[in-house]
Amino acid sequence: RQRRHRVLNIPSMGGQQSSPKKSFGRDIAHAAAETYLLTRLSFKLLSYLGLGYRWITGLLALALYATLLLPGFLQVAFLYFFSSHVRRSIIYGDQPRNRLDLYLPANFDGLQPVLIFVTGGAWIIGYKAWGSLLGLQLAERDVIVACIDYRNFPQGTISDMVNDVCQGIRYIFENITELGGDPDRIFLMGQSAGAHISACALLHQAVKESRGESISWSASRINTYFGLSGGYNLPKLVDHFHNRGLYRSIFLSIMEGEESLELFSPEIMVQNPNVDASIALLPHIVLFHGTSDFTIPADASKKFVDALQRAGAHADLILYEGKAHTDLFLQDPLRGGKDEFFDYIVGFIHKDHEEELALDAMAAPRKRFVPEILLKLAGKVSPF
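Residues numbered from 1 in each chain as written. Predicted model: local features only at pLDDT ≥ 70, side-chain atom pairs only at ≥ 80, totals over all residues. Heavy atoms only, no water.

Caption draft 1: Here's a closer look at the overall build of the chain. Check the secondary structure of the chain and you find 15 helices and eight strands. Burial status across the chain gives 54% buried among its 384 residues. Total accessible area computed for the chain in this model is approximately 16700 Å², and 58% of it derives from carbon and sulfur atoms. (Helix = DSSP H or I, 4+ residues; strand = E, 2+ residues; numbered from the N terminus. Buried < 20%, exposed > 50% of the residue type's maximum accessible area, 1.4 Å probe, protein only. Areas by Shrake-Rupley, 256 points an atom, 1.4 Å probe, with all protein chains shown as cover.)

Okay, here's the thing in structure tokens:
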């Protein structure tokens, strides 16, 4: 099938078009500013963490895990910085982390579906570039991907994170047509802490919409919400996280105190009879979880789906036997080829569009980034 090529003049930063050289220079300046900010915040975070052996052991395991996957990370980083189909650090708000990255298909034949993605990072180390592999691979399947950055702790707490994500979603809604996106096919996805934050944003927005309050975007216009390896009942996770190195005092600081845990627990929110009217505004919700996830047990997604279904929402759960916390999002994509989770997402987004499904069926397998032996070793040392 012949496809029409269209170039979108989307600025890389804050509304002004730049040459690639100037854009890259601006990225370097922004990276330097971010490095300074993150260094200062890291020292502040250390004052919260102290010298606990759990988080230090986890940090060492994370360093070894990242080293084993470094061949893949370097290749993805090269594409992230130099691909002409990536628009980095588009400003969507007035806070330092209010930026998003866009991953654009090489070819446009009419309006394309849009996936808004919120990355994880334990509410502390989240960063928009963590979604680059997903964005690059989905863009190859003609899906526009927007990866939203947000303030992490201690730069911000949970309400700041939810507000940032809401602002990022608003930017996509307001610019959807200019971006080449289909306003009738907007999908929202979050991974790990990002699944929790984006679920909170979706539910809080649905509640406001049901009460007739002023809103910047409509939850009912989201086609489907995908939650990957998320936690949705905070009171039940406090002790679990504490035992894994995210200490109770830090977690409660992130969540603005014990009294706020229920306010930012989607599973508890949907059981509140005062929000019954908002349930009908929720999109189809699909949760994914690995059965060998020890960072956030799969039971977290199961119980959230049960609560959604009891409340009358359209919700489904898909479990992946033997998969750990980052397998579906990181190791499997780095492995390349075909895998069940990626194929499900692509097929779901393109459903009811026969030409797109036909192109998916003919698509070449995804590129392998990391040798299998390194992936297996990374799985054994993973802190997740």
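Caption draft 2: Up close: the packing of aromatic side chains. Scanning the entire structure with this criterion turns up 18 aromatic pairs. With 6.1 Å between their ring centres and 10° between their planes, Phe 187 and Phe 226 make a pair best called stacked. Taken together, the residues span a long stretch of sequence, with Phe 187 in strand β5 (residues 181-191) and Phe 226 in strand β6 (residues 224-228) at a distance of 39 residues. Residues Phe 187 and Phe 226 agree in their burial class; the two are buried. Ring geometry for Tyr 320 versus Phe 341: centroids 6.3 Å apart, planes at 90°, classification edge-to-face. Note that Tyr 320 is positioned in strand β8 (residues 315-320) and Phe 341 in helix α13 (residues 340-349), a separation of 21 residues in sequence. Exposure remark for Tyr 320: the relative accessible area of 5% places this residue in the buried category. The rings of Phe 187, Phe 226, Phe 288, Tyr 320, Phe 341, Tyr 344 and Phe 348 are connected pair by pair, giving a single aromatic cluster. One residue, Lys 351, lies across the ring of Phe 348, its end atom 4.1 Å from the ring centre. Sitting above the plane of the Phe 342 ring, Arg 366 keeps its charged end 4.1 Å from the centroid. (Phe/Tyr/Trp six-rings, centres within 6.5 Å; stacked < 30°, edge-to-face > 60°. Lys NZ or Arg CZ within 6 Å of the ring centre and 35° of its normal.)

Caption draft 3: Molecular detail of the sheet that holds β8. In space, the eight strands of this open sheet follow the order β1-β2-β4-β3-β5-β6-β7-β8, with mixed pairing throughout. Bordering the open sheet on either side are β1 (86-91) and β8, each of which pairs with just one other strand. Averaged over all pairs of adjacent strands, the angle between their axes in this sheet comes to 20°, without regard to strand direction. Pairing analysis gives four bridges linking β1 to strand β2 (residues 99-103), with the strands arranged antiparallel. Paired with Ile 90 across the bridge in β2 is Leu 100. (Pairing = 2+ DSSP bridges. Axes fitted to C-alpha atoms, helices over the stretch in contact; angles between N-to-C directions.)

Caption draft 4: View of the pairing of β2. Buried residues dominate β2, accounting for five of its five residues. Side chains Arg 99, Asp 101 and Tyr 103 project from β2 onto one buried face, and the interleaved Leu 100 and Leu 102 project onto a second face that is buried too. Sheet topology note: the β2/strand β4 (residues 144-148) ladder contains four bridges and is antiparallel. Counted as the bridge partner of Asp 101 is Cys 147 from β4.

Caption draft 5: Structural view of the nonpolar core. Counting 70 residues, the largest nonpolar core has Leu 102, Trp 123, Ile 172, Phe 251 and Ile 254 as its most contacted members. Ranked by size, the runner-up nonpolar core spans 40 residues in total, among them Phe 117, Phe 226, Val 370 and Ala 378. (Core = buried A, V, L, I, M, F, W, Y, C linked by side-chain atoms within 4.5 Å.)

Caption draft 6: Highlighting the side chain of Ser 192. Position of Ser 192 relative to the elements: it lies in the loop between β5 and α6 (193-210). The class of Ser 192 is buried, set by a relative accessible area of 9%.

Caption draft 7: Highlighting the pattern of salt bridges. Per the counting criterion, the structure on display carries 17 salt bridges. In this structure, Arg 141 and Asp 360 form a salt bridge, with 3.9 Å as the shortest nitrogen-oxygen distance. Here the residue Arg 141 occupies a position in the loop between α4 (132-139) and β4, and Asp 360 occupies one in helix α14 (residues 354-362), the gap between them amounting to 219 residues. Both residues of the pair, Arg 141 and Asp 360, belong to the buried class. (Salt bridge = Lys/Arg side-chain N within 4 Å of Asp/Glu carboxyl O.)

Caption draft 8: Region of the structure containing the packing of helix α5 (residues 158-175) against α6. Close contact between α5 and α6 brings their axes to 9 Å; oriented N to C, the two are set at 70°. In terms of orientation, α5 and α6 fall into the roughly perpendicular class. Residues Ile 158, Met 161, Val 162, Val 165 and Cys 166 of α5 form the contact with α6, whose participating residues are His 196, Ile 197, Cys 200, Ala 201, His 204 and Gln 205. (Parallel < 35°, antiparallel > 145°, perpendicular 65-115°, else oblique. Contact = heavy atoms within 4.5 Å.)

Caption draft 9: Structural view of the packing of helix α12 (residues 327-335) against helix α15 (residues 372-381). With their axes 10 Å apart at the nearest point, α12 and α15 run at an angle of 165° to one another. Taken together, α12 and α15 sit at an angle that is classed as roughly antiparallel. Between α12 and α15 lies a crossing whose hand is left-handed. Each of Gln 331, Leu 334 and Arg 335 in α12 lies in contact with α15, whose residues at this interface are Glu 372, Leu 375 and Gly 379. When the residues that make up the contact of α12 with α15 are grouped by side-chain class, the tally is two nonpolar, two polar and two charged. (Left-handed = near helix turned anticlockwise from the far one by under 90°. Nonpolar A, V, L, I, M, F, W, Y, C, P; charged D, E, K, R; others polar.)

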